[in-house]
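So you can see what is in the structure, the chains are spelled out below.
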Amino acid sequence: MVDLEGQHKKIQKEVDNAIEEVVQTSAFINGPKVHVFQKELEAYLGVKHVIPCGNGTDALQIALMALNLEKGDEIICPDFTFVATAEVVKLLGLKAIFVDVDKENFTIDIDDIKRAITSNTKAIIPVHLFGQCANMEAILKITKENNLHIIEDTAQAIGANYIFEDGKRKKAGTIGAIGTTSFFPSKNLGCYGDGGAIFTDDDILAEKMRKMVNHGMEDRYHYKYIGVNSRLDSVQAAILSVKLKRLESYNSSRIKAADYYDNCFKENYKISIPKRSNYSTHVFHQYTLKLQDVDRDKLCAHLQNKEIPFGVYYPIPLHRQDPYFEERFNQDDFINTNHLCESVLSLPMHTELTPKQMDFISQSILEFINE
Ligand SMILES: *Cc1c(COP(=O)(O)O)cnc(C)c1O
């Protein structure tokens, strides 16, 4: 699905030097490289504060911890996402309120958010799924009217631009009160291990979260909050600085690959190519097709035979997973997610794809479908 080795080869020297510098100084935790990367990412995103942390799941958890929530408060999140989005909600004793997604662009459905709001709702976690922003302008309107927080889960969309109705653009993750991301190796900006970050323009929240990632410590061995141990280590930060310079070009390569795939599939009525909404650029963390009248299992077996990687993101809606299931859920509330889980298929998507590879992949799919 990804070609991290091919990508690494092109930056090997720079990465080696960056790692060696950290090793030489032995500043492995909270070293100067972390601060440098933080500043670079703040400048790239156009956000006041970046708080580096251990991974994207911790980033979400710390964001929630900073919001003064109480047990039982309700947090609205999409049903169709990676589990981390809802997991942290449950871990903190909060209530995850799952809502359906839009069947075209797979991001949280606006009307369903409105229906899900109660007097206990405190926050919404829109997920910019597969590389494209949720409808943030509509979500901002809802949160203003109802006095709710927004945490944008940007793990899959770093570098995407949200386009406001007046034409203004903002980077994904910098629109709501807090944004979070992951530097897991296969993400659009990946490190060589685990890593994550939180973004905010709010000085008070930033100060609080900066302490929370480090045990809630204010001064040495003086603690102001209950925190966690979740730090981005210096080796990862040094590598991320090398890769951040290339993020725009990495994302362009992904978009080019998506354009290529689009052309291969757009004429086939059994395949819906990814919808690109007019309020967001798409950085194609995943290239995800929707199949119609196709036996997906058989197609997957066909791809496996040809040694073509593929992914089903996601095969089961969160609301039907054991730890999240509740008797009161009504399946009619999750029609799109239920349908997507049965009909989506993600193809290899990364920065190193060649037309030859994509021809082979797409022809193999079309040959099965037209058979
Ligand atoms: C990857 C991912 C996360 C979690 O990031 P980790 O760094 O793996 O903890 C959270 N949300 C979404 C949508 C993701 O894709």
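Structure's up top.
Quantities reported herein were computed from a predicted structural model and do not represent experimental measurements. (Residues numbered from 1 in each chain as written. Predicted model: local features only at pLDDT ≥ 70, side-chain atom pairs only at ≥ 80, totals over all residues. Heavy atoms only, no water.)

We now examine the site of the ligand. Taken together, N55, G56, T57, T81, F82, A84, V127, D153, A155, Q156, S182 and K187 make up the full set of residues near the ligand. D153 has a polar side-chain atom sitting 2.8 Å from a nitrogen atom of the ligand. Here the ligand loses 92% of its free accessible area of 390 Å² to cover by the protein chains. Here the ligand occupies the largest pocket. Residues of the shell around the ligand, tallied by class, amount to four nonpolar, six polar and two charged. (Near = heavy atom within 4 Å. Polar contact = N/O pair within 3.5 Å; in protein donor to acceptor, adjacent residues only side chain to side chain. Areas by Shrake-Rupley, 256 points an atom, 1.4 Å probe, with all protein chains shown as cover. 1 Å grid on protein atoms, 1.4 Å probe; cavity = no way out; pocket = protein on both sides within 12 Å on 5 of 7 lines; lining within 4 Å. Sits in = over half its atoms within 2 Å of the grid points. Nonpolar A, V, L, I, M, F, W, Y, C, P; charged D, E, K, R; others polar.)

A few words on the nonpolar core. The biggest cluster of nonpolar side chains holds 34 residues, and the ones touching the most others in it are I62, V89, F98, I151, I178, I198 and M209. Those elements that provide at least two residues to this core are β1 (49–53), α4 (56–65), β2 (74–78), α5 (84–91), β3 (95–99) and α8 (203–212). Take this core: its biggest share by element is six residues, from α4. Here this core spans two domains, and each of domain 1 (4–244) and domain 2 (247–370) adds at least three residues to it. Sequence-distant contacts of I178, defined by excluding residues within four places in its chain, comprise A63, L67, I150, I151, E152, G173, I198, F199, L205 and M209. (Core = buried A, V, L, I, M, F, W, Y, C linked by side-chain atoms within 4.5 Å. Buried < 20%, exposed > 50% of the residue type's maximum accessible area, 1.4 Å probe, protein only. Helix = DSSP H or I, 4+ residues; strand = E, 2+ residues; numbered from the N terminus. Domains from an automatic or database assignment. Contact = heavy atoms within 4.5 Å.)

The next thing to look at is the packing of helix α3 (residues 32–45) against helix α9 (residues 234–244). The contact between α3 and α9 brings their axes to 8 Å, and the two run at 35°. Pair α3 / α9 crosses with left-handed handedness. Together, K33, V34, V36, F37, E40, L41 and Y44 of α3 and S234, A237, A238, L240, S241 and L244 of α9 make up the contact between the two elements. Class assignment for the residues of the contact of α3 with α9 results in nine nonpolar, two polar and two charged. (Axes fitted to C-alpha atoms, helices over the stretch in contact; angles between N-to-C directions. Left-handed = near helix turned anticlockwise from the far one by under 90°.)

For the rest of this paragraph, the subject is the packing of aromatic side chains. Applying the stated criterion across every chain, the model contains 16 aromatic pairs. Note on F329 and F334: the rings are 5.8 Å apart at their centroids and 80° apart in plane angle, and the pair reads as edge-to-face. Each of the two residues, F329 as well as F334, counts as buried. The rings of F80, F106, F130, Y313 and Y314 are connected pair by pair, giving a single aromatic cluster. K187 extends its terminal NZ or CZ atom over the ring of F82, reaching a point 6.0 Å from the ring centre. (Phe/Tyr/Trp six-rings, centres within 6.5 Å; stacked < 30°, edge-to-face > 60°. Lys NZ or Arg CZ within 6 Å of the ring centre and 35° of its normal.)

Before going further, it helps to spend a moment on the pairing of strand β14 (residues 344–347). Neither face of β14 is left uncovered, since the one carrying V344 and S346 and the one carrying L345 and L347 both have all their residues buried. Relative to β14, strand β13 (residues 287–291) is paired through four bridges, and the arrangement is antiparallel. Its bridge partner being in β14, Y287 is matched across the sheet by L347. (Pairing = 2+ DSSP bridges.)

It is worth spelling out the environment of Y324 at this point. Within the secondary structure, Y324 sits in the loop between α11 (296–305) and α12 (335–343). Y324 sits 34 residues away from K290 along the chain, and the two C-alpha atoms are 25 Å apart. Residues contacting Y324, with those up to four places away along its chain left out, are V83, A86, E87, K90, F98, L318, H319 and F329.

Let us now look at the sheet that holds β3. A sheet is described by the order of its strands in space; here seven strands give the open sequence β1-β9-β8-β5-β4-β2-β3, paired in mixed fashion. The outermost strands of the open sheet, each flanked by one partner alone, are β1 and β3. Going across the sheet, the axis of each strand differs from the next one's by a mean of 25°, ignoring polarity. Where β2 and strand β4 (residues 121–124) come together, three bridges link them in parallel fashion. Directly across from E74, in β4, lies its bridge partner T121.

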